[in-house]
Amino acid sequence: MEILTIAPFLDYFEKIRSRTMRLVACIPPAHLEWRCKEGKFTLGDLARHIAAVERYVFAESVAGGRNRYAGCGRELADGYDQVVQFMERMHSESMSIFSRLSDEDLLCKCASADGTPMTIWKLLRSMTEHEIHHRGELYAYLGILGVSVPLYGLTSEQLQEIAARAYPQQA
């Protein structure tokens, strides 16, 4: 997928973040710092990581800066409400930076996280992939905890029920 114009991308990315925030809303506050295994991110770490990387890696890069990511620990936001506020603040700051990009800017180079020159539209595409990757981890971790979190509003079982009603001969 090429990103040729900024406005549709910004709309798309807002939808990506909206789905992430709906998922974050499913995190039981008592389990915010739960991790599936030693050495892995906690649920809170994942939320803080998504937000911090968006702002301090991707937005910094397209603004002509450098990677400023310093981690995703509790020092950034401690407690459920603070994590949500941190995510909202980082996203707002990032979107402000992204919205200043012109369509022509999308074809310019910037420095990726490791300093490698990269076309801005490709960096923005990798930002969405990064968020979706970590959102998948949130889904898996919440599933381990027994928290039911439907994707796009339907569970797998509901999809099967709908298919069975629509095509009963195949069920």
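Worth saying up front: this structure is predicted, and the values here are computed from it rather than measured.

## A word on the overall build of the protein chain
Link 1 in the chain: In terms of helices and strands, the protein chain carries five helices and two strands.
Link 2 in the chain: Counted from the first residue to the last, the protein chain has its helices and strands arranged as α-α-α-β-β-α-α.
Link 3 in the chain: Reported as C-alpha extents along the three principal axes, the dimensions of the protein chain are approximately 55 × 40 × 25 Å.
Link 4 in the chain: Looking at the 171 residues of the protein chain, the share that counts as buried comes to 41%.
Link 5 in the chain: Considering only intrachain contacts with a sequence separation of at least 6, the fraction spanning at least 24 residues in the protein chain is 69%.
Link 6 in the chain: Summed over all atoms, the accessible surface of the protein chain reaches about 9300 Å², with 54% contributed by carbon and sulfur.

## Describing the pattern of salt bridges
Link 1 in the chain: Scanning the entire structure with this criterion turns up eleven salt bridges.
Link 2 in the chain: When the shortest N-O distance is used, the salt bridge between Asp45 and Arg48 registers 2.7 Å. Of the two residues, Asp45 and Arg48 are both situated in helix 2 (residues 43-62); the distance of three residues between them amounts to about one turn of the helix.
Link 3 in the chain: According to the relative accessible area criterion, Arg48 is buried, its value standing at 0%.
Link 4 in the chain: For Glu93, the salt bridge is made with Arg89, and the minimal N-O distance between the two is 3.7 Å. Residue Glu93 and its partner Arg89 are located together in helix 3 (residues 80-99), separated by four residues, close to a single helical turn.
Link 5 in the chain: Each of the salt bridges in this network shares a partner with another, and the network as a whole consists of Glu33, Asp45, Arg48, Arg74 and Asp78.

Cut-offs and rules
Residues numbered from 1 in each chain as written. Predicted model: local features only at pLDDT ≥ 70, side-chain atom pairs only at ≥ 80, totals over all residues. Heavy atoms only, no water. Helix = DSSP H or I, 4+ residues; strand = E, 2+ residues; numbered from the N terminus. Buried < 20%, exposed > 50% of the residue type's maximum accessible area, 1.4 Å probe, protein only. Contact = heavy atoms within 4.5 Å. Areas by Shrake-Rupley, 256 points an atom, 1.4 Å probe, with all protein chains shown as cover. Salt bridge = Lys/Arg side-chain N within 4 Å of Asp/Glu carboxyl O.

Read these as geometric descriptors, not functional statements.
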